[in-house]
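Examining the three-dimensional arrangement
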Amino acid sequence: MIKVEDLSKSFGKIKAVDHISFQVKERENLILLGTSGCGKTTTLKMLNRLIEPTSGKIFINGENILMQPPEILRRGIGYVLQNNGLFPHYTVAENIAIVPQLLRWDRKRIENRVSELLEKLHLDTTYLNAYPNELSGGQQQRVGLARALVADPPVLLMDEPFGALDNVTRSKIHAEFKALDELKRKTIIMVTHDVQEAFELGDRICLMDKGRIIQNGTPAELLFNPVNSFVKDFLKEQRLQLEFKALHLIDIWDWLPTSKKRETKLNLMSDTGLWESLEGFKFTNSEEISISHQNNEIKTVGFEQLMAAFYQYKKQQTHE
Ligand SMILES: Nc1ncnc2c1ncn2[C@@H]1O[C@H](COP(=O)(O)OP(=O)(O)OP(=O)(O)O)[C@@H](O)[C@H]1O
Ligand SMILES: [Mg+2]
């Protein structure tokens, strides 16, 4: 869906983005991860031509976007700006309606779509006529997301969309983000400097440093097959949590004991994340969970057995 080839951007002597290439499949969620100044925002802005590249090519849906008029290109791309970028002198409703106004939708259609999005994003309709500075940080971020989603573009670019939030609000929004049907249909590139967030929301992660991509892979690849010590060090903090977030039940399936089928409160598919499964034990207060694998194979396991399988998996990874 998106293909970036040998892309660079220099500002005078600064190489903000330095010969990067990557691809994003349809409906995939790619994270650009890296410390401040490594070129994440510059990369994102080249994808909707808010910044023109110094060299390189970008294709979206097979089309070379540098040959397209920027206004046409941007109709197919939703953009959530770093620090939400809402217009302070526009109400919430007006902020969300900017693109539909440009597209000349009729009033009723705009109203319907705006209310639909407010509901999906858990924003009360009483905020419709409020101004951004009357909203909390989390609410402003939701309005920014609604604005990007309003015309249902196939591609979504998000620059630190949850950056300004405290941890509790952030995990709440993460959960909603993962559950939102409209987002599941989209091809997303999201920028963050938060490793936990990258592992929670990304199908794949491009870890960047000084304008370059150091490693592009799944969360599990970055953790268990880091290309160099930079990657390893970057993921050093809270490594155990990251491992739970990177792995799925299917990864540790072979080490889970086979068992007779028993009734359990919690039934999970084997593509469920390990982190989510552990939380399942906690929230349902279950002794055991049932895991269904392809061909309807089912294993019923307890917490200890799950952890034992996880440590077996890790042991095998480090021996390879
Ligand atoms: N318009 C500009 N003019 C000159 N230098 C710029 C410009 N925009 C970005 N830069 C420089 O390019 C580099 C990359 O900036 P960029 O904004 O892409 O980083 P970032 O990874 O998004 O950082 P952050 O996490 O702080 O948002 C930085 O060194 C920055 O100072
Ligand atoms: Mg930035």
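Our subject is the structure listed above.
The structure reproduced in this document is the subject of the present report.

Turning to the overall build of the chain, a few remarks are in order. On a plain count of helices and strands, the chain comes out with 15 helices and 13 strands. Computed over the C-alpha atoms, the radius of gyration of the chain is 22 Å, within 12% of the 20 Å expected from 2.2 N^0.38 for a compact globule of 320 residues. Principal-axis analysis of the C-alpha atoms places the extent of the chain at approximately 60 × 50 × 35 Å. Here the chain holds 320 residues, and the buried ones make up 50% of them. Expressed as a percentage of contacts within the chain between residues at least 6 apart in sequence, the contacts between residues at least 24 apart total 64%.

Two elements, strand β1 (residues 2–11) and strand β4 (residues 55–60), share 5 bridges in a ladder whose sense is antiparallel. Along β4, the bridge assignment pairs S8 with S55. Of the strand pairs in this sheet, β4 and strand β5 (residues 63–64) are connected by 2 bridges, and their pairing is antiparallel. Within β5, the position partnered with F59 by the bridge is N64. A loop of 2 residues connects β4 with β5, the two strands running antiparallel in sequence, and N61 in this loop sits at a positive phi of about 55°.

With that settled, consider helix α14 (residues 274–284). Looking at α14, one finds that the buried residues are L274, S277, L278, G280 and F281. Down the axis of α14, the buried set is contained in an arc of 145°. They therefore lie on one face. For α14, the exposed residues set more than 90 degrees away from the buried face come down to E276, K282 and F283. Trailing α14 by a residue or two, N285 shows a phi angle of about 55°, which is positive.

Note that an α-helix has 3.6 residues per turn; residues three or four places apart therefore point the same way. Buried residues dominate helix α1 (residues 40–47), accounting for 6 of its 8 residues. Within α1, burial applies to K40, T42, T43, L44, M46 and L47. Positive phi appears at R49, one or two residues downstream of α1, with a value of about 60°.

Our focus in this paragraph is the coordination of the magnesium ion (ligand 2). At the metal site, the magnesium ion (ligand 2) is ligated by T41 (OG1) and Q82 (OE1), and these contacts range over 1.9 to 2.5 Å. Placement of T41 in helix α1 and of Q82 in the loop between β6 (77–80) and α3 (92–96) is noted, with a sequence separation of 41 residues between them. A residue is classified by how much of its surface remains accessible, and T41, at 23% relative accessible area, is partly exposed.

This brings us to the pattern of salt bridges. Enumeration according to the criterion identifies 22 salt bridges in this entry. Residue R212 pairs with D18 through a salt bridge whose shortest N-O separation is 3.6 Å. Here R212 is found in strand β10 (residues 212–217), whereas its partner D18 is found in strand β2 (residues 14–24), with 194 residues between them in sequence. With a relative accessible area of 11%, D18 lands in the buried category. The salt bridge involving R113 is made with E182; its shortest N-O contact spans 2.8 Å. Of this pair, R113 sits in helix α5 (residues 107–120) while E182 is found in helix α8 (residues 181–184), placing the two residues 69 residues apart along the sequence. We classify R113 as buried; its relative accessible area is 10%. Taken together, the salt bridges that share partners define one network made up of R113, E116, K120, D181 and E182.

Within the largest apolar cluster, 66 residues are counted, with the highest numbers of intra-cluster contacts made by I96, L235 and L306. Discounting chain neighbours no more than four positions away, the residues touching L235 are V195, F199, L222, L223 and L242. Among the nonpolar cores identified, the runner-up in size contains 26 residues, and V24, I65, C206 and M208 belong to it.

Our focus in this paragraph is the site of ligand 1. Taken together, the neighbourhood of ligand 1 is formed by F11, I14, A16, S36, G37, C38, G39, K40, T41, T42, Q82 and E160. Here an oxygen atom of ligand 1 sits 2.8 Å away from a polar atom, N or O, in the main chain of G37. At a separation of 3.2 Å, an oxygen atom of ligand 1 approaches a polar backbone atom of C38. Relative to its unbound accessible area of 640 Å², ligand 1 is 62% covered by the protein chains. For the shell around ligand 1, the secondary structure elements donating two or more residues are β2 and α1. Per-element tally for the shell around ligand 1: the top contributor is α1, with 3 residues.

The 3 strands are arranged β11-β12-β13 in an open sheet whose pairing can be described as mixed. Edge strands, defined here as strands with exactly one partner in the open sheet, are β11 (266–269) and β13 (298–302). Each strand of the sheet is rotated relative to its neighbour by a mean of 30°, with strand direction disregarded. In this structure, β11 lies alongside strand β12 (residues 288–292), joined through 4 bridges in parallel fashion. Its bridge partner lying in β12, N267 is registered against S290.

Conventions we followed
- Residues numbered from 1 in each chain as written.
- Chains lettered and ligands numbered in written order.
- Predicted model: local features only at pLDDT ≥ 70, side-chain atom pairs only at ≥ 80, totals over all residues.
- Heavy atoms only, no water.
- Helix = DSSP H or I, 4+ residues; strand = E, 2+ residues; numbered from the N terminus.
- Rg over C-alpha atoms; globule rule 2.2 N^0.38 Å.
- Buried < 20%, exposed > 50% of the residue type's maximum accessible area, 1.4 Å probe, protein only.
- Contact = heavy atoms within 4.5 Å.
- Pairing = 2+ DSSP bridges.
- Arc of directions from axis to C-beta.
- Donors = N, O, S within 2.8 Å, 3.2 Å for Na, K, Ca; no water.
- Salt bridge = Lys/Arg side-chain N within 4 Å of Asp/Glu carboxyl O.
- Core = buried A, V, L, I, M, F, W, Y, C linked by side-chain atoms within 4.5 Å.
- Near = heavy atom within 4 Å.
- Polar contact = N/O pair within 3.5 Å; in protein donor to acceptor, adjacent residues only side chain to side chain.
- Areas by Shrake-Rupley, 256 points an atom, 1.4 Å probe, with all protein chains shown as cover.
- Axes fitted to C-alpha atoms, helices over the stretch in contact; angles between N-to-C directions.

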